[in-house]
Amino acid sequence: MVNGYPNIKINGTTNGHIHKALETEYGHRYTYELLLETVHYIRNRVSFTPVVGVICGSGLGSLADCLVNPIEIPYSTIPHFPTSTVKGHVGSLVFGHLSGLPTVCMKGRFHYYEGYPLWKCCMPIRVMKLLGVSHLIITNAAGGLNPSYKVGDIMLVKDHINIMGFAGNNPLQGPNDERFGPRFPPMNQAYNRDIIQLAKKVGEDMGVENRIHEGVYTCLGGPNFETVAELNMLKMLGADAVGMSTVHEVITANHCDMEVFAFSLITNECVVQYEANNEPNHEEVIDVGKQREGLLKQLVSELLKRVFENGITSGKIGK
Ligand SMILES: O=P(O)(O)O[C@@H]1C[C@H](O)[C@@H](CO)O1
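In this text, all values refer to a predicted model and were calculated from it rather than measured experimentally.

A. Expanded view of the packing of aromatic side chains. Inspection of the entire model under this criterion finds seven aromatic pairs. For the ring pair Tyr-30 and Trp-119, a centre distance of 5.7 Å and an interplane angle of 75 degrees mean the geometry is edge-to-face. Of this pair, Tyr-30 sits in the loop between helix 1 (16–26) and helix 2 (32–43) while Trp-119 sits in helix 3 (residues 118–121); the two residues are 89 residues apart in sequence, bridging distant segments of the chain. Both residues of the pair, Tyr-30 and Trp-119, belong to the buried class. When the centroid spacing of 5.6 Å and the interplanar angle of 80 degrees are considered together, the rings of Phe-110 and Tyr-116 count as edge-to-face. A single burial state applies to Phe-110 and to Tyr-116, both of which are buried.

B. Expanded view of the site of the ligand. Inspection of the region around the ligand gives 13 residues, with Ser-58, His-111, Tyr-113, Ser-245 and His-282 positioned closest. At a separation of 2.6 Å, an oxygen atom of the ligand approaches a polar side-chain atom of Ser-58. When the ligand is considered free in solution it has 340 Å² of accessible area, and contact with the protein chains removes 96% of it. Structurally, the ligand is housed in the largest pocket. The set of elements that each furnish at least two residues to the shell around the ligand consists of strand 7 (135–144) and helix 9 (282–291). Each residue belonging to the shell around the ligand can be placed in one class, and the counts come to five nonpolar, seven polar and one charged.

C. Quick peek at unusual backbone geometry. Here Gly-222 and Pro-223 are connected by a cis peptide whose omega angle stands at 5 degrees. Relative to the helices and strands, Pro-223 is located in the loop between strand 9 (212–219) and helix 7 (228–237). Despite not being glycine, Ser-99 shows a phi value in the positive range, around 50 degrees. Its location among the elements puts Ser-99 in the loop between strand 5 (92–98) and strand 6 (101–107). Take Ser-99: its relative accessible area is 33%, and that puts it in the partly exposed class.

D. A look at helix 7. Within helix 7, burial applies to Val-228, Leu-231 and Leu-234. The arc enclosing the buried residues of helix 7, seen along the axis, measures out at 125 degrees, which places them on a common side. Against the buried residues of helix 7 lie helix 5 (163–166), strand 9 and strand 10 (241–243). In the segment just after helix 7, Gly-238 is the residue with positive phi, at about 110 degrees.

E. Broad picture of the nonpolar core. Within the largest apolar cluster, 85 residues are counted, with the highest numbers of intra-cluster contacts made by Ile-42, Leu-93, Met-128, Ile-154 and Phe-261. It is helix 10 (residues 293–309) that contributes the most residues to this core, seven residues altogether. Among the nonpolar cores identified, the runner-up in size contains ten residues, and Ile-161, Ile-163, Leu-220 and Val-242 belong to it.

F. The arrangement of the environment of His-135 in detail. Relative to the helices and strands, His-135 is located in strand 7. Since its relative accessible area comes to 6%, His-135 is described here as buried. His-135 sits 82 residues away from Gly-53 along the chain, and the two C-alpha atoms are 6.2 Å apart. Setting aside anything within four residues of it in sequence, one finds His-135 in contact with Val-51, Val-52, Gly-53, Ile-195, Glu-259, Val-307, Phe-308, Ile-312 and Thr-313.

G. View of the layout of surface pockets. Of the voids in this model, the largest pocket is the one considered here, and its volume is about 460 Å³. Considering the residues around the largest pocket, the lining is formed by 30 residues, among which Phe-225, Glu-226, Met-244, Asn-268 and Val-285 are closest to the centre. Sort the elements by how many residues they give to the lining of the largest pocket and strand 7 lands first, with four residues. When its residues are assigned to classes, the lining of the largest pocket shows 15 nonpolar, eleven polar and four charged.

H. Examining the pairing of strand 11 (residues 259–269) more closely. Where burial is concerned, most of strand 11 is hidden: ten out of the eleven residues are buried. Two strands pair when backbone bridges link them, and strand 7 and strand 11 are joined in this way by ten bridges, in the parallel orientation. Directly across from Ile-137, in strand 11, lies its bridge partner Phe-261. One ladder, built from three bridges, connects strand 8 (residues 154–161) with strand 11; its direction is antiparallel. The partner of Ile-154 across the bridge, within strand 11, is Leu-265.

Conventions and cut-offs
- Residues numbered from 1 in each chain as written.
- Predicted model: local features only at pLDDT ≥ 70, side-chain atom pairs only at ≥ 80, totals over all residues.
- Heavy atoms only, no water.
- Phe/Tyr/Trp six-rings, centres within 6.5 Å; stacked < 30°, edge-to-face > 60°.
- Helix = DSSP H or I, 4+ residues; strand = E, 2+ residues; numbered from the N terminus.
- Buried < 20%, exposed > 50% of the residue type's maximum accessible area, 1.4 Å probe, protein only.
- Near = heavy atom within 4 Å.
- Polar contact = N/O pair within 3.5 Å; in protein donor to acceptor, adjacent residues only side chain to side chain.
- Areas by Shrake-Rupley, 256 points an atom, 1.4 Å probe, with all protein chains shown as cover.
- 1 Å grid on protein atoms, 1.4 Å probe; cavity = no way out; pocket = protein on both sides within 12 Å on 5 of 7 lines; lining within 4 Å.
- Sits in = over half its atoms within 2 Å of the grid points.
- Nonpolar A, V, L, I, M, F, W, Y, C, P; charged D, E, K, R; others polar.
- Arc of directions from axis to C-beta.
- Contact = heavy atoms within 4.5 Å.
- Core = buried A, V, L, I, M, F, W, Y, C linked by side-chain atoms within 4.5 Å.
- Points joined across faces, edges and corners; volume = space filled by probe spheres on them.
- Pairing = 2+ DSSP bridges.

Dropping the structure here:
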């Protein structure tokens with residue numbers, strides 16, 4: 001290791017000046033050692049090891065209310081943690097038990113449009129991994145592109161399109177530390193298929209199967225909502241819902257070998273016609289989150305119970 005970066009060998013020898021260049025470019029990034037400082041701070045305040053992580057999307061922070069005996073730690077007090085700046089994202093880690101499982105909830109996430117680079121947006125995922133989290137539930141508010149989706153529906157994410165990645169913006173850019181994961185992680189089984197199947201079953205048992213879909217999520221950088229032409233392009237590409245988060249989090253979580261389950265709450269129908277005069281807005285997004293919080297809490301609690309009852313550790317084919 002050189003200053004927290006693995007020694008990169010080129011033609012069998014390590015190359016000092018390349019390290020120097022990478023350090024100038026990427027030296028501000030979180031190293032493994034720096035994240036251990038964050039983990040150490042948290043471990044001194046929480047006596048149990050969380051195995052489940054939940055990222056609460058816009059207006060969905062109340063998912064953290066499901067935790068029994070909660071311990072809340074504001075991001076602003078945690079060493080090296082970014083802070084939340086968006087309405088509907090409180091900005092704290094909440095530890096407690098959910099369906100009997102030791103859990104940590106991120107009440108508020110970080111977005112690219114807040115000015116954070118993607119690697120910074122995803123820093124808490126590596127912290128969760130180092131704390132002991134093996135299963136990550138990622139939630140978001142999203143616009144429905146698929147014409148069969150209605151406001152208040154839930155889309156179980158089966159895949160994503162990494163639009164920002166198309167332009168070379170990826171949370172894993174820069175020197176790779178193998179202690180987190182491989183340089184070239186696969187992404188074709190990024191979403192645990194067994195957990196998706198279980199979530200569908202939970203939806204059926206709750207009698208809401210007609211409000212639950214499986215689809216493809218895509219993330220743009222935001223903060224503006226999309227133009228009509230952009231939405232029609234995304235539809236043609238195969239996206240069913242559009243948002244401003246999640247994709248980079250999923251990539252980071254898969255890189256460090258977490259089991260990932262993600263769902264979108266459809267908070268608005270995307271406007272794909274020039275004749276329409278309705279416009280999306282963040283207040284509506286948060287309101288729909290509040291309206292559906294009961295359903296989402298029930299879904300997440302019941303799902304987690306069944307995931308661990310069924311011992312789901314990998315949804316990958318053949319594993
Ligand atoms: O954090 P998420 O992805 O749930 O938030 C969505 C995307 C924007 O941050 C915001 C727009 O209303 O909601």
